[in-house]
Amino acid sequence: EAQVTQNPRYLITVTGKKLTVTCSQNMNHEYMSWYRQDPGLGLRQIYYSMNVEVTDKGDVPEGYKVSRKEKRNFPLILESPSPNQTSLYFCASSLFPRGETQYFGPGTRLLVL
Amino acid sequence: QKEVEQNSGPLSVPEGAIASLNCTYSDRGSQSFFWYRQYSGKSPELIMFIYSNGDKEDGRFTAQLNKASQYVSLLIRDSQPSDSATYLCAVMGRDDKIIFGKGTRLHILP
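Residues numbered from 1 in each chain as written. Chains lettered and ligands numbered in written order. Predicted model: local features only at pLDDT ≥ 70, side-chain atom pairs only at ≥ 80, totals over all residues. Heavy atoms only, no water.

1. A short note on the nonpolar core
The condition that has to hold: Buried Ala, Val, Leu, Ile, Met, Phe, Trp, Tyr and Cys residues form a nonpolar core when they are joined through side-chain atoms within 4.5 Å. For every residue, the accessible area (1.4 Å probe, protein chains only) is compared with the maximum for its type, and the residue is labelled buried under 20%, exposed over 50%, or partly exposed between those bounds. Helix and strand assignments follow DSSP, with helices taken as H or I runs no shorter than four residues and strands as E runs no shorter than two, numbered in order from the N terminus. Whether two residues touch is decided by their heavy atoms; if any such pair falls within 4.5 Å, the residues are in contact.
Among the nonpolar cores identified, the biggest contains 24 residues, and Trp35, Val72, Leu74, Ile76 and Tyr87 of chain B are the most heavily contacted of them. Sorting the residues of this core by element identifies β3 (19-25), β4 (32-38), β5 (45-50), β7 (61-66), β8 (71-76), β9 (85-92) and β11 (104-109) of chain B as the ones contributing at least two each. Sequence-distant contacts of Ile76 of chain B, that is, excluding residues within four places in its chain, are made with Ala17, Ile18, Ala19, Leu21, Arg60, Phe61, Asp83, Tyr87 and Leu106 of chain B. If you look at the next biggest cluster of nonpolar residues, it comprises 19 residues, including Cys23, Met32, Trp34 and Ile46 of chain A.

2. Section: the sheet that holds strand β3 (residues 19-25) of chain A
Residue and element names in this part refer to chain A. Quick note on the threshold: The rule for pairing is simple: two strands pair if DSSP sees at least two bridges between them.
Spatial ordering of the open sheet is given by β1-β3-β8-β7, a layout of four strands whose pairing is antiparallel. Of all strands in the sheet, those with a lone pairing partner are β1 (4-7) and β7 (65-66), marking the two edges. One ladder, built from four bridges, connects β1 with β3; its direction is antiparallel. Of the residues in β3, the one forming a bridge with Thr5 is Ser24.

3. Topic: the environment of Gly103 of chain B
All names here are of chain B. Within the secondary structure, Gly103 sits in the loop between β10 (98-100) and β11. A residue is classified by how much of its surface remains accessible, and Gly103, at 5% relative accessible area, is buried. The sequence separation of Gly103 and Met92 amounts to 11 residues, and the corresponding C-alpha distance is 16 Å. Beyond its immediate sequence surroundings of up to four residues, Gly103 is in contact with Gln6, Asn7, Ser8, Thr86, Tyr87 and Leu88.

4. Some remarks on the interface of chain A and chain B
How big an interface is tends to be stated in terms of accessible area lost as the parts join. Stated formally: Buried area counts how much accessible surface, traced with a 1.4 Å probe, disappears from two parts once they are put together, with both parts' losses summed. Every case where a carboxyl oxygen of Asp or Glu lies within 4 Å of a side-chain nitrogen of Lys or Arg is listed as a salt bridge. Two N or O atoms count as a polar contact when they lie within 3.5 Å, although within protein this holds only if one can serve as hydrogen donor and the other as acceptor, and sequence-adjacent residues are included solely when both atoms are side-chain atoms.
Taken together, the contact pairs 24 residues of chain A with 22 residues of chain B. In this assembly, chain A packs against chain B so that about 1800 Å² is buried in total across both faces, 52% of it on carbon and sulfur atoms. Counting every contact that joins chain A to chain B gives zero salt bridges. Applying the counting rule to chain A against chain B returns seven residue pairs in polar contact (both at pLDDT 80 or more). For the side of chain A that touches chain B, the secondary structure elements donating two or more residues are β4 (31-38) and β5 (42-51) of chain A. By residue number, the principal contributor to the side of chain A that touches chain B is β5 of chain A, which donates five residues.

Right under this line is the structure:
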């Protein structure tokens with residue numbers, strides 16, 4: 001089954017404790033992206049990647065890191081999480097960025113205390 | 001700052017009527033335009049994409065793009081209660097960044 005998986009689905013952590021949210025897709029997609037969704041602010045792109053070893057900043061990259069060492073995986077790293085990073089995070093992938101269906105993962109709900 | 005604007009709603013439409021959702025964008029260089037549907041607590045799912053001026057139809061859904069006016073719309077014909085959701089407009093620029101609007105809540109009245 002074609003899908004985008006994210007782990008963990010729910011995470012409660014404390015300020016400053018490094019964490020990684022994994023994202024994996026099994027569709028051989030080139031384009032992958034991370035978003036955060038906040039009430040009243042909508043979906044905002046954090047980082048995106050056109051292919052292996054190619055990553056670019058989205059609209060809200062501060063406080064986040066990503067890597068794309070393999071085509072299927074695109075982890076999101078929070079080196080020192082802060083409460084303002086409490087949010088719902090989505091990973092997404094598509095074969096090409098333009099005009100192609102972007103498949104979203106199920107979401108990761110993060111609470112930073 | 002590139003922006004995508006949508007009316008937050010809620011937009012209430014009787015069952016069987018046409019629902020019309022609108023979106024404007026600020027970046028004239030935008031290349032591709034998407035409409036997503038998101039049910040509460042779920043992930044967004046793509047309904048339509050369009051990149052040429054004019055209309056694109058898929059079943060009950062029609063996307064309309066007017067690049068000169070920087071305007072994209074989604075029409076839903078024969079609205080069903082299952083169409084009740086938040087509709088997100090998204091725009092991709094020449095830099096391949098994707099900007100989402102904040103979404104319009106649509107409520108179909110049985």
